[in-house]
Protein chains: 2
Amino acid sequence: MPSLEFWYDFASPYAWMAAERIDACTQAAGIEVLWRPFVIGPILRQRPDNPSPFQNATPAQRAYRRREVERLCAKYGLPLRWPGSYPRNGLLAARLARAATADLRPALSRALYRANFVDDREISDATVVGEVVAAHGFDAEALLAAALTEQNKRGLMADVDEAMARGIFGAPSFLIGNELFWGNDRLELAVEWAQRPWM
Amino acid sequence: MPSLEFWYDFASPYAWMAAERIDACTQAAGIEVLWRPFVIGPILRQRPDNPSPFQNATPAQRAYRRREVERLCAKYGLPLRWPGSYPRNGLLAARLARAATADLRPALSRALYRANFVDDREISDATVVGEVVAAHGFDAEALLAAALTEQNKRGLMADVDEAMARGIFGAPSFLIGNELFWGNDRLELAVEWAQRPWM
């Protein structure tokens, strides 16, 4: 079965959209998805001018981005509520998602995204995150303990290094082998490529 | 009939892709297209950090962008040949497209794009441009004369001011009234919005 890596950061509303859409897009195509949580911050900070999506934008770009996210969420039927703090630090959520077993990771990740983008919860706070995952039926205590081991923390930073080494510079990103697709809007193309590369 | 404004710059391969695709996308939907040639340079230069798509990018972004353009052109069946000089200055081409009558503008614009992105011609050179448009059956002498009037030059700068005032910050862009869509990858959404806004 062809497989596709989905690299996602919990601060990004576009990564959230992809997380919500990816099952439908890939299951019909018979593609296996490897969920790869990471944080994009350390990669953005290595750019010479740090053009984070959240910084250095003109007022026109900021206004557009806000409208675009709202317009896309409306189209996808996602009940966006802008986080009171935006962008939220996604490090703890990424550690948690990484610590989860692969079978639980998609549902856990969507629960964390919705806590941030629908319920406006502070997902960088361990108490809040514990409540969120418990409310979704996960073992909060065990997950948080696993998330906060040195091994998992170091593993996540190694994943960030891997992302950078493989050419990732934004989130969400999709990799089919070494073929990189960047952005929620490239999900369908990535799936098509995973089925049959066209060049 | 609903209408959609297509704002395009001749330096951008994504604007070229949109110029090649827009007829098929809009005719089926019964949308009228207003072709609005402009130049994005003066708008990019007003950004505090001038993050032109051609500058300030990391090696990873540059490599991705190049691969992405090639991948999309292959998908669309466009015989891209990277211009020997890239990005080419699109000012003269924009002046020419603006001077053309609306019925000739799409074909003229595609001829100029293909000169740049398929035949690697220097479209900032009036002699070259004259040859290109003549080869496509246009009246080169009359078009160049009209393009280079003070009225047309000033009109194009007024169009750039209009673009900026209406929130445009990149190319290609699509406007349905004041609803802005940015990027070749948003063409289908813009057409859908022109038919029926979903929020």
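Just above, that's the structure.
Residues numbered from 1 in each chain as written. Chains lettered and ligands numbered in written order. Predicted model: local features only at pLDDT ≥ 70, side-chain atom pairs only at ≥ 80, totals over all residues. Heavy atoms only, no water.

### A few points about the relation of the copies chain A and chain B
Next up, step 1: The two copies are related by a screw motion: chain A maps onto chain B through a turn of 180 degrees and a shift of 0.0 Å along the axis, at an RMSD of 0.0 Å. Such a combination of rotation and displacement between the chain copies is what one expects of a two-fold axis.
Next up, step 2: The fraction of interface residues of chain A whose copies in chain B are also interface residues reaches 100%, indicating that both copies meet through the same surface. (Least-squares fit on C-alpha atoms with pLDDT ≥ 70 in both. Contact = heavy atoms within 4.5 Å.)

### Comments concerning the pairing of strand β4 (residues 179–182) of chain B
All names here are of chain B.
Next up, step 1: Note: strand β3 (residues 173–176) against β4, 4 bridges, orientation antiparallel. What sits directly across from Ile-176, in β4, is Glu-179.
Next up, step 2: Counting the residues that bridge the hairpin from β3 to β4 gives 2 residues, and of these Gly-177 lies at a positive phi of roughly 60 degrees. (Pairing = 2+ DSSP bridges. Helix = DSSP H or I, 4+ residues; strand = E, 2+ residues; numbered from the N terminus.)

### Notes on unusual backbone geometry
All names here are of chain A.
Next up, step 1: The step from Ala-171 to Pro-172 runs through a cis peptide bond, and the omega angle for that step is 0 degrees.
Next up, step 2: Position of Pro-172 among the secondary structure elements: in the loop between α8 (150–165) and β3 (173–176).
Next up, step 3: Despite not being glycine, Asp-120 has its phi angle at roughly 55 degrees, a positive value.
Next up, step 4: Structurally, Asp-120 is set in the loop between α5 (105–117) and α6 (126–135).
Next up, step 5: Relative accessible area serves as the criterion here: at 26%, Asp-120 is assigned to the partly exposed category. (Buried < 20%, exposed > 50% of the residue type's maximum accessible area, 1.4 Å probe, protein only.)

### Notes on the pattern of salt bridges
Next up, step 1: Per the counting criterion, the structure on display carries 40 salt bridges over all chains.
Next up, step 2: Residue Arg-66 of chain B is joined to Glu-70 of chain B by a salt bridge in which the shortest nitrogen-to-oxygen separation is 3.8 Å. Of this pair, Arg-66 of chain B and Glu-70 of chain B both sit in helix α3 (residues 59–76), 4 residues apart, roughly one helical turn.
Next up, step 3: The class of Arg-66 of chain B is partly exposed, set by a relative accessible area of 45%.
Next up, step 4: The exposure class of Glu-70 of chain B is partly exposed, given its relative accessible area of 25%.
Next up, step 5: Note that Arg-166 of chain B and Glu-162 of chain B form a salt bridge whose closest N and O atoms lie 2.8 Å from each other.
Next up, step 6: The partly exposed category is assigned to Arg-166 of chain B, whose relative accessible area is 23%.
Next up, step 7: The class for Glu-162 of chain B is partly exposed, based on a relative accessible area of 27%.
Next up, step 8: A single salt-bridge network, built from bridges that share partners, covers Glu-5, Arg-36, Arg-98, Asp-159, Glu-162 and Arg-166 of chain A. (Salt bridge = Lys/Arg side-chain N within 4 Å of Asp/Glu carboxyl O.)

### What about the interface of chain A and chain B?
You'll often see interface size given as the accessible area lost when the parts meet.
Next up, step 1: In this assembly, 29 residues from chain A lie in contact with 29 residues from chain B.
Next up, step 2: Taken over both partners, the interface formed by chain A and chain B buries close to 2,800 Å², and the fraction arising from carbon and sulfur atoms is 57%.
Next up, step 3: Among the salt bridges present, the one from Glu-179 of chain A reaches Arg-67 of chain B, with a minimum N-O distance of 2.8 Å.
Next up, step 4: Scanning the region where chain A abuts chain B turns up 16 residue pairs in polar contact (both at pLDDT 80 or more).
Next up, step 5: Sorting elements by how many residues they give to the side of chain A that touches chain B places helix α3 (residues 59–76) of chain A first, with 10 residues.
Next up, step 6: Broken down by class, the residue content of the side of chain A that touches chain B amounts to 14 nonpolar, 4 polar and 11 charged. (Buried area = accessible area lost by both parts, 1.4 Å probe. Polar contact = N/O pair within 3.5 Å; in protein donor to acceptor, adjacent residues only side chain to side chain. Nonpolar A, V, L, I, M, F, W, Y, C, P; charged D, E, K, R; others polar.)

### What to know about the sheet that holds strand β2 (residues 32–37) of chain A
Strand pairing in a sheet relies on backbone hydrogen bonds. The paired strands run either parallel or antiparallel.
Residue and element names in this part refer to chain A.
Next up, step 1: Spatially, the 4 strands line up as an open sheet ordered β2-β1-β3-β4, and their pairing is mixed. Only two strands of the sheet have a single partner each, and these edge strands are β2 and β4 (179–182). Averaged over all pairs of adjacent strands, the angle between strand axes in this sheet comes to 20 degrees, irrespective of strand direction.
Next up, step 2: Pairing geometry for strand β1 (residues 3–8) and β3, over 3 bridges, is antiparallel. By the bridge assignment for β3, Glu-5 is matched with Leu-175. (Axes fitted to C-alpha atoms, helices over the stretch in contact; angles between N-to-C directions.)

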